[in-house]
Amino acid sequence: MILSLLQRGIDKIYALRQTREPRYPSERLIPYTGRTQAGVFITPDRALMNDTVWACHKYVTESCGQLPARIIRKLPNGKQETIISHSVDSVLNWRINPNMSPFQFRETMVGWAIIHGNAIAEIERNGFGGVVNLWPIDPHKVSFLRDIETGELIYKINQESGNSVELRSQEVFHLRGFGNGDIGLSVIEYAAQTIGWAQATMLFGASFFGEGLNFSGVLAPDVKMDKDSLSRIREELNEVYKGPSRSNKVFLGDFGLKFTKTSATPDESQFVGTLQHQIESIARFFAVPVHKIGHLIRMTFNNVEQLSIDAVGQCIVPWAIRLEQEATYKLFGSNRQNLQVVFEVKGLLRGDFKSRQEGLQILRRNGIINSGDWARLEDMPEPSEGEDVYIVEKNMVTMEQLQNPPKPPVTSNPETNDIIQPNNDNAALAALLESEIILGSVDA
């Protein structure tokens, strides 16, 4: 441990970087004004008004929020031990700060990182450098800049008083979204056109039903009408037919009025098919399988469990790794002592009860886990006796035992001291031949 720290310090002394990052890192690579081609204004916060964005955001944040955190230490022999008496464990599993639980913290941070691209929390330490609290900071108040000499990222926090505070990198827990170097990208900005189209479609549907019969057409009288007559007809139409409660009524027109339709109905414009396509398009930006947000058109009972497991690997595990790596680097300080933060995703990968128990039984019968391990994996009370006993099946042998089979025991008669030869020569010979056939030294 001391040698590794010494080597790391030597490397820093002799490390010379020749390039420099810009003073003000770019937070976006595309022009973004919020106005979409569909005519709908989309911002990270307004995007949550779309039901698909809301469902994707809810699935990812709540799934990450429920992941339990463990503090482990890597041992020289390759094994690891769980540490429970550490301040980081208390913060991540008991209370992030007096106002927020660990679930709410992870839910909030992942949510901000998704829609804004970055989530920032100030790390509060005690006089010994131990973590006491983590304080999330509203992304709208954060701007990024760099130290010109060291290239270190600096976080400028704008406060309500009008003043600003600059926090160094080691004072900040920074959860980045999909990569743009050390500054994350906002999914909403890149998906703005797709989300704007979906919002425009929803507004069209609401407007169609809100306007009742939706006279998107021409009323043509047989005779010439004055302005007052036209105004009276327009008022009567709005009063009698406009609104969802007045739709589907029979239209009665005087003056020989004839209606000519000029717009398409929702069925003619494939309104439902468009909505279904937009759900799938938006879900792709979040890497969320559509069955997780209630879109079950192509789901069957045969594939939903496997798809749920795939969803964890494709969508949740990347966020868990981002949380793990940032927490491991920032929360332990310079004296890490081989400590590492791990967020367990096993709970999200659980299959049905029968399949899970069959898998644990295979581990138990092969000596990989004991009864205590089994109980802990299932969150059950541990057995009082025999929990540390490992078992294997009796008929299992090693390759060395097959190559060098044990000789039959030789016993003697205690009265005469005569050696008694074993009477199972044939059985021993058969076992030896069987082992040689398995090893390939004798043809079957």
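Residues numbered from 1 in each chain as written. Predicted model: local features only at pLDDT ≥ 70, side-chain atom pairs only at ≥ 80, totals over all residues. Heavy atoms only, no water.

**Observations concerning empty space enclosed by the protein**
- The tally for this structure, following the rule as stated, stands at one cavity of 30 Å³ or more.
- Roughly 30 Å³ of internal volume is contained in the largest cavity.
- The wall of the largest cavity is formed by Leu92, Phe105, Arg106, Phe173, Leu323, Ala327, Leu331 and Phe343.
- Going through the elements one at a time, helix H4 (102–115) and helix H9 (304–331) are the ones with two or more residues in the lining of the largest cavity.
- Examining the composition of the lining of the largest cavity, we find that three residues originate from one element, H9, more than from any other.
- Here the residues of the lining of the largest cavity sort into seven nonpolar, no polar and one charged. (1 Å grid on protein atoms, 1.4 Å probe; cavity = no way out; pocket = protein on both sides within 12 Å on 5 of 7 lines; lining within 4 Å. Points joined across faces, edges and corners; volume = space filled by probe spheres on them. Helix = DSSP H or I, 4+ residues; strand = E, 2+ residues; numbered from the N terminus. Nonpolar A, V, L, I, M, F, W, Y, C, P; charged D, E, K, R; others polar.)

**Quick notes on the packing of helix H2 (residues 51–65) against helix H8 (residues 271–286)**
- One can describe the packing of H2 onto H8 by two numbers: an axis separation of 9 Å at closest approach and a directional angle of 35°. In this structure, the crossing between H2 and H8 has a hand that is right-handed. Contact residues: Thr52, Val53 and Cys56 in H2; Ile279, Ile282, Ala283 and Phe286 in H8.
- In terms of residue class, the contact of H2 with H8 is built from six nonpolar, one polar and no charged. (Axes fitted to C-alpha atoms, helices over the stretch in contact; angles between N-to-C directions. Left-handed = near helix turned anticlockwise from the far one by under 90°. Contact = heavy atoms within 4.5 Å.)

**Observations regarding the sheet that holds strand S1 (residues 69–74)**
- Pairing is antiparallel in the open sheet, where three strands are placed in the order S2-S1-S11. Both edges of this open sheet fall to strand S2 (80–83) and strand S11 (339–343), since each of them pairs with a single strand only. Strand after strand, the sheet turns through a mean of 40° between neighbouring axes, direction not considered.
- The pairing of S1 with S11 spans five bridges and is classified as antiparallel. Bridge assignment links Ile71 to a residue of S11, and that residue is Val341. (Pairing = 2+ DSSP bridges.)

**Regarding the sheet that holds strand S3 (residues 118–125)**
- An order of S4-S3-S8 is seen for the three strands of this open sheet, with the pairing classed as antiparallel. Either end of the sheet is taken by a strand with one partner, and the two such strands are strand S4 (131–137) and strand S8 (172–176). On average, adjacent strands in this sheet sit at an angle of 25° to one another, irrespective of strand direction.
- Across five bridges, S3 lies against S8 in antiparallel orientation. Note on S8: the bridge partner recorded for Asn118 is Arg176.
- Against the sheet, H9 makes contact with S3, S4 and S8, and its axis sits at roughly 160° relative to S8, the strand it touches most.

**A word on the environment of Glu107**
- Along the polypeptide, Glu107 turns up in helix H4.
- Judged by relative accessible area, Glu107 falls into the partly exposed class, the value being 23%.
- Beyond its immediate chain neighbours, meaning those up to four positions away, Glu107 contacts Thr61, Glu62 and Gly65. (Buried < 20%, exposed > 50% of the residue type's maximum accessible area, 1.4 Å probe, protein only.)

**Observations regarding the nonpolar core**
- Membership of the largest hydrophobic core comes to 56 residues, with the highest contact counts inside it found for Val60, Phe173, Leu175, Phe286 and Leu331.
- For this core, the element with the highest residue contribution is H9, accounting for nine residues.
- Excluding anything up to four places from it in sequence, Phe173 contacts Phe105, Met109, Ala119, Ile120, Ala121, Ile123, Leu323, Glu326, Ala327 and Leu331.
- Counting residues in hydrophobic clusters, the runner-up holds ten residues, among them Ile120, Val142, Tyr155 and Leu167. (Core = buried A, V, L, I, M, F, W, Y, C linked by side-chain atoms within 4.5 Å.)

**Description of the packing of aromatic side chains**
- A full pass over the atoms with the stated rule returns two aromatic pairs.
- Seen from their ring centres, Phe105 and Phe173 are 6.0 Å apart, and the 65° between their planes marks the pair as edge-to-face. A residue pair is termed long-range when its members are at least 10 positions apart, and Phe105 in helix H4 and Phe173 in strand S8 qualify at 68 residues. The residues Phe105 and Phe173 share a single accessibility class, namely buried.
- Judged by centre distance (5.7 Å) and plane angle (70°), the ring pair of Phe144 and Tyr155 falls under edge-to-face. Here Phe144, found in strand S5 (residues 142–146), pairs with Tyr155, found in strand S6 (residues 153–158); they are eleven residues apart in sequence, far enough to count as distant. Comparing Phe144 with Tyr155, the two get one shared label, buried.
- Residue placement shows Arg322 over the ring face of Trp319; its charged tip is 4.4 Å from the ring centre. (Phe/Tyr/Trp six-rings, centres within 6.5 Å; stacked < 30°, edge-to-face > 60°. Lys NZ or Arg CZ within 6 Å of the ring centre and 35° of its normal.)

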